[in-house]
Amino acid sequence: MKDFIKIHPDDCVAVALKPLSAGSVLDVDGQRVMLAEDIPQGHKFALTAISAGQPVIKYGCSIGVAKEDIQQGGWVHVHNVKTGLGELLSYTYNKQDTAIEQTPQAFFQGYRRPDGKVGVRNEIWIIPTVGCVNNVAQAIERQAQQYVGGTVEEIISFTHPYGCSQMGDDQDNTRRILADLVNHPNAGGVLVLGLGCENSNIDELKKFIGEYDEKRVKFLVAQECEDEIGEALDIIKNLAEYVGSFQREPIPASELVIGMKCGGSDGLSGITANPAVGRFSDLLISKGGTTILTEVPEMFGAETLLMNRCETEELFEKTVNLINDFKNYFTSHNQTIYENPSPGNKKGGITTLEDKSLGCTQKSGSAAVRGVLKYGEPVSTKGLNLLSAPGNDLVASTALAASGAHIVLFTTGRGTPFASPVPTVKISTNSGLAKKKDNWIDFNCGVMVEDTGLDEIGMQLFDYVLSVASGKKVKAEEKGFHDMAIFKQGVTL
């Protein structure tokens, strides 16, 4: 196992891959560096003296500015580095060559729907229109488990607190996300459960759902029933007969849509798990597939790397708006745009938002940006897409599912048990986490600092995703975890 890594030839810092002791003498590209302090795993140390006011270079880019003089071998972190980012910026389109060579097709075992869409699960979803019927939806879910069997894999209710007392775009966003879930092909059947007096009532929601298969989507208004649970169970019994008629069949990987998200990052995120997901993304795209990258605030500081990979100037402008709209969202609520990383991020070795963003965007690989999506907008273009959503784990992962992701790849250096409406693969950045939280972690990228190269781990991850798409349950699914969260942006009446 290596002791440290210098990520880019231009870097003035290196990252400790294991705890390093003060006084250790390291050979970095033929240069002798003696550590002046203990350096925790995932944290940075200076390869040369860095004067106050000078940029600190990692990934070949600035991750901030030295607040004070830093000696060679010194610990480089929040105590002596600050962000170098400002407010709204002007951008110039400098298009880069981002061609991905086509590779032979691969296949998984999925479900082909009558409308031509593809699912990787064959579930029945209960979608409440409003939070007032959440308990009813959960009661229906519990009692409907008797209909799980055969190819009916699960019956799940996705509760939320919204659907009423919202205004304008905020209400429409709720309707849009709920409609997206109703239309998601991982659900072989759907029961939309309404109350009857809510703003986002069933008639309103149908305007967002559009055309639907009456065999697949059913509606029930609780206020119009004497026994809403009993009537719902009758509907689900019939839905189960329809859903049970679907069988898995070979589907080309070109029809897969995979969401990419990270959370609880550490200093190894941008070195192991995120680059591995990036390699996976390039591989899937080389086979005609689709990936979606989100959490816009964690693109701040690395956004130009994505902008210059936009396939057209129109997409470049959309990406500029994607970034600036989120900055304006922050300032409109009197919040700082470049908030420091979380306590967990800092403990893991991430110093500034630039540091985190440059690591986060590794998940995008090297492909061209071929689509830029609004929050709740379904993906329609194959290849790499950028999606407007915040960094919050549950909100962003739900947004990925709503835009059409069959599976979400979630990298983490700290660990988390949460789920989303679709299978959510937890990918650890370090082997210690994978060993300690084996009940959470599905795939370990910590081996990349031991003996496994990026190409090899990327192919292993690709094969693992195909197995999940073919029915292998991830750890959260095995435990029955299913979460959803809608992005609340407006006032509550």
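If you're wondering where the values come from, they're calculated on a predicted model, not measured in any experiment. (Residues numbered from 1 in each chain as written. Predicted model: local features only at pLDDT ≥ 70, side-chain atom pairs only at ≥ 80, totals over all residues. Heavy atoms only, no water.)

**Q** Any chance you could explain the overall build of the chain here in plain terms?
**A** Helix and strand content of the chain: 13 helices and 23 strands. In terms of overall size, the chain behaves like a compact globule, its C-alpha atoms giving a radius of gyration of 24 Å where 493 residues would be expected to give roughly 23 Å. Principal axes of the C-alpha set define a box for the chain whose edges measure 75 × 45 × 40 Å. The 493 residues of the chain split such that 57% are buried. When the accessible surface of the chain is summed, it comes to about 19400 Å², and 47% of that surface belongs to carbon and sulfur atoms. When the 46 basic and 61 acidic side-chain charges of the chain are each reduced to a single mean position, those positions are 3 Å apart. (Helix = DSSP H or I, 4+ residues; strand = E, 2+ residues; numbered from the N terminus. Rg over C-alpha atoms; globule rule 2.2 N^0.38 Å. Buried < 20%, exposed > 50% of the residue type's maximum accessible area, 1.4 Å probe, protein only. Areas by Shrake-Rupley, 256 points an atom, 1.4 Å probe, with all protein chains shown as cover. Lys, Arg positive; Asp, Glu negative; His and termini not counted. Charge placed at Lys NZ, Arg CZ, Asp CG, Glu CD.)

**Q** What is the right way to look at the state of the cysteines in this model?
**A** Structurally, a disulfide amounts to a covalent bond that connects the sulfur atoms of two cysteines. Here the structure, examined in full by the defined rule, presents zero disulfides. Summary of cysteine pairing: Cys262 is not part of a disulfide, and the nearest cysteine sulfur, belonging to Cys360, is at 3.2 Å. A residue is classified by how much of its surface remains accessible, and Cys262, at 1% relative accessible area, is buried. With no disulfide partner, Cys310 has as its closest neighbouring cysteine sulfur the one in Cys61, 16 Å distant. (Disulfide = S-S within 2.5 Å.)

**Q** Whenever I open this one, the packing of helix H1 (residues 134–143) against helix H4 (residues 228–243) confuses me. Can you help?
**A** A pair of packed helices is captured by two measures, namely the crossing angle of their axes and the spacing between those axes. Running from N to C, H1 and H4 cross one another at 50°; their axes reach a closest spacing of 10 Å. In terms of orientation, H1 lies oblique with respect to H4. The handedness of the crossing between H1 and H4 comes out as right-handed. In this structure, H1 contributes Val136, Ala139, Ile140 and Gln143 to the contact, and H4 contributes Glu228, Ile229, Ala232, Leu233 and Ile236. Residues that form the contact of H1 with H4 fall into these classes: seven nonpolar, one polar and one charged. (Axes fitted to C-alpha atoms, helices over the stretch in contact; angles between N-to-C directions. Parallel < 35°, antiparallel > 145°, perpendicular 65-115°, else oblique. Left-handed = near helix turned anticlockwise from the far one by under 90°. Contact = heavy atoms within 4.5 Å. Nonpolar A, V, L, I, M, F, W, Y, C, P; charged D, E, K, R; others polar.)

**Q** How do you make sense of helix H9 (residues 353–360) when you look at a structure like this?
**A** For an α-helix, 3.6 residues make a turn, and residues three or four places apart therefore share a direction. In terms of residue burial, H9 counts as a mostly covered element, since eight of its eight residues are buried. Within the span of H9, buried status applies to Leu353, Glu354, Asp355, Lys356, Ser357, Leu358, Gly359 and Cys360.

**Q** What exactly am I supposed to notice about the environment of Ala302 here?
**A** Tracing the backbone shows Ala302 in the loop between strand S18 (290–293) and helix H6 (303–307). We classify Ala302 as buried; its relative accessible area is 1%. Distance in space between the C-alpha atoms of Ala302 and Gly359 is 8.8 Å, their sequence separation being 57 residues.

**Q** Can you help me understand a nonpolar patch on the surface in this one?
**A** Side chains of Met167, Val491 and Leu493 sit close together on the surface and give an oily, nonpolar patch of about 330 Å² of accessible area. Relative to the elements of secondary structure, Leu493 occurs in the segment after helix H13 (475–478). (Patch = residues over 30% accessible without salt bridge, like charges linked within 9 Å, V, L, I, M, F, W, Y side chains within 5 Å. Salt bridge = Lys/Arg side-chain N within 4 Å of Asp/Glu carboxyl O.)

**Q** What exactly am I supposed to notice about the nonpolar core here?
**A** One broad trend across soluble globular proteins is that nonpolar side chains are buried collectively. By size, the foremost hydrophobic cluster in this structure holds 92 residues, and its most contacted members are Phe300, Ile407, Leu409 and Ile427. The element best represented in this core is helix H12 (residues 454–469), accounting for eight residues. Here Leu409 is in contact with Ile258, Gly259, Met260, Lys261, Val277, Phe280, Val425, Ile427, Leu461 and Val465, once residues within four sequence places are set aside. Core analysis: the second largest hydrophobic core is formed by 26 residues, Val130, Ile155, Leu220 and Ile235 among them. (Core = buried A, V, L, I, M, F, W, Y, C linked by side-chain atoms within 4.5 Å.)

**Q** How do you make sense of the pattern of salt bridges when you look at a structure like this?
**A** Two side chains that carry opposite charge are able to pair once their charged atoms sit near each other. Applying the stated criterion across every chain yields a total of 19 salt bridges. Here Asp170 makes a salt bridge to Lys488, at a shortest N to O gap of 2.8 Å. Placement of the pair is Asp170 in helix H2 (residues 168–182) and Lys488 in the segment after H13, with a sequence separation of 318 residues. A residue is classified by how much of its surface remains accessible, and Asp170, at 5% relative accessible area, is buried. Taking relative accessible area as the criterion, Lys488 reaches 22% and is therefore assigned partly exposed.

**Q** What is the right way to look at the sheet that holds strand S23 (residues 443–444) in this model?
**A** Whenever strands of a sheet pair, they do so through backbone hydrogen bonds, lying parallel or antiparallel. Taken in spatial order, the seven strands of this open sheet run S19-S20-S18-S17-S21-S22-S23, and their pairing is parallel. Edge positions in the open sheet fall to strand S19 (369–373) and S23, since each of these has one partner strand only. Pairing between strand S17 (residues 257–262) and S18: four bridges, direction parallel. Pairing of Gly259 across the sheet is with Ile292, part of S18. Packing of helix H10 (residues 393–402) onto the sheet brings it into contact with S17, S18, strand S20 (383–387) and strand S21 (407–412), and relative to S17 it is tilted by some 165°. (Pairing = 2+ DSSP bridges.)

**Q** Hey, could you run me through a negative patch on the surface in this one?
**A** Residues Glu226, Asp227, Glu231 and Asp234 make up a contiguous surface patch of negative charge. With respect to the helices and strands, Glu231 occurs in helix H4. By relative accessible area, Glu231 is classed as partly exposed at 36%.

**Q** For this particular structure, what's the right way to read the side chain of Glu154?
**A** Its place among the elements puts Glu154 in the loop between H1 and strand S13 (155–157). Relative accessible area serves as the criterion here: at 12%, Glu154 is assigned to the buried category. A polar atom in the side chain of Glu154 sits 3.4 Å from the side chain of His482. (Polar contact = N/O pair within 3.5 Å; in protein donor to acceptor, adjacent residues only side chain to side chain.)

**Q** Mind showing me how you'd approach the packing of helix H5 (residues 273–286) against H12 here?
**A** Between H5 and H12, the least distance of the axes is 8 Å, while the angle of their chain directions is 65°. Looking at the two axes, H5 sits roughly perpendicular to H12. Judged by the twist between their axes, the crossing of H5 over H12 is right-handed. Along the contact surface, H5 presents Pro275, Ala276, Val277, Arg279, Phe280, Leu283 and Leu284, while H12 presents Leu454, Asp455, Ile457, Gly458, Met459, Leu461, Phe462 and Val465. Here the contact of H5 with H12 is composed, by residue class, of twelve nonpolar, one polar and two charged.

**Q** What is the right way to read the packing of aromatic side chains from this model?
**A** Each aromatic ring pair is summarised here by two numbers: the centre-to-centre distance and the angle between the ring planes. A full pass over the atoms with the stated rule returns 15 aromatic pairs. On the numbers, 5.0 Å between centres and 25° between planes, the contact of Tyr93 with Phe316 is stacked. Of this pair, Tyr93 sits in the loop between strand S9 (81–82) and strand S10 (107–112) while Phe316 sits in helix H7 (residues 313–332), and the two are 223 residues apart along the sequence. Considered together, Tyr93 and Phe316 belong to a single accessibility category, that of buried residues. Ring centres of Phe280 and Phe462 lie 6.0 Å apart, and the angle between their planes is 40°; this geometry places the pair in the tilted category. A residue pair is termed long-range when its members are at least 10 positions apart, and Phe280 in helix H5 and Phe462 in helix H12 qualify at 182 residues. According to the relative accessible area criterion, Phe280 is buried, its value standing at 1%. (Phe/Tyr/Trp six-rings, centres within 6.5 Å; stacked < 30°, edge-to-face > 60°.)

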